[in-house]
Amino acid sequence: MINITKSKEVFKRFLDAYEDKSDASFKLKVVHTYHVADNARNIAEKLKLSKEDIELAELIGLLHDIGRFEELKITKELI
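Predicted, not measured: the structure shown is a model, and the values here were computed from it. Residue positions within a chain follow its written sequence, with the count starting from 1. Per-residue local features of the predicted model are confined to residues with pLDDT of at least 70, and side-chain atom pairs are confined, for both listing and counting, to 80 or more; whole-chain, interface and lining totals are unaffected and use all residues. As a convention, hydrogens and water are excluded, and side-chain values are obtained from all of the structure's heavy atoms.

Asks: Talk me through the overall build of the protein; I want residue IDs and the actual numbers.
Replies: Numbering of helices and strands runs from the N terminus, with a helix taken as a DSSP run of H or I at least four residues long and a strand as a DSSP run of E at least two residues long. Counting its regular elements, the protein contains 4 helices and 0 strands. Of the regular secondary structure in the protein, the N- to C-terminal order runs α-α-α-α. The buried share of the protein, reckoned over its 79 residues, is 29%. Should any heavy atoms of two residues lie within 4.5 Å, those residues are considered in contact. Put simply, of all contacts in the protein between residues at least 6 apart along the chain, 65% involve residues at least 24 apart. Surface exposure here means Shrake-Rupley accessible area, sampled with a 1.4 Å probe, where a residue is shielded only by the protein chains that are shown. Put simply, the protein shows about 5,300 Å² of open surface, and 59% of that area lies on carbon and sulfur atoms. The charge count treats Lys and Arg as positive and Asp and Glu as negative. His and the chain ends do not count. Lysine's charge is taken at NZ, arginine's at CZ, aspartate's at CG and glutamate's at CD. Averaging the locations of the 14 positively and 15 negatively charged side chains of the protein gives two centres separated by 3 Å. Note on exposure labels: buried denotes an accessible area under 20% of the residue type's maximum, exposed denotes more than 50%, and partly exposed covers the range between, all computed with a 1.4 Å probe on protein chains only.

Asks: Please give an account of a nonpolar patch on the surface that cites residues and values.
Replies: To count toward a patch, a residue needs a relative accessible area above 30% and no salt bridge. Like charges then connect within 9 Å, nonpolar side chains (Val, Leu, Ile, Met, Phe, Trp, Tyr) within 5 Å. Within this document, salt bridges are pairs made up of a side-chain nitrogen of Lys or Arg and a carboxyl oxygen of Asp or Glu, the two lying within 4 Å of each other. On the surface, I43, L47 and L49 cluster together into a nonpolar patch covering about 290 Å² of accessible area. With respect to the helices and strands, I43 occurs in helix α2 (residues 24-46). Of the residues examined, I43 reaches a relative accessible area of 52% and is grouped as exposed.

Asks: Could you give an account of helix α3 (residues 51-63), naming the residues involved and the relevant values?
Replies: One fewer than the residue count of a helix, multiplied by 1.5 Å, yields its expected span. With 13 residues, α3 extends 18 Å from end C-alpha to end C-alpha; this agrees with the ideal 18 Å at 1.5 Å per step. On the buried face of α3, the contacting elements are α1 (4-16) and α2.

Asks: Quick rundown of the nonpolar core? Include the residues and the values.
Replies: For our purposes a nonpolar core is just a set of buried Ala, Val, Leu, Ile, Met, Phe, Trp, Tyr and Cys residues, chained together by side-chain atoms within 4.5 Å. Formed by F11, L15, Y18, F26, V30, A37, L62, F69 and L72, the largest nonpolar core amounts to 9 residues. If you list the elements that add at least two residues to this core, you get α1, α2 and α4 (66-75).

Here it is, written out as structure tokens:
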């Protein structure tokens, strides 16, 4: 079973380890990621999916761009 609360805690620790949290691109990516996770959850709820599927949708939204943070760290830009 998915523990979305724990998943969010782990994701936050991942973000906390990021070197330049004041970077505008980093902030934009964080806001975008949380919006996608919230939207995925809302859509899943409106579709009346099971609790586990709702949490899975939210988790997928949370992790959908995780590689982009490393890309940003290396390239210093969002492509």
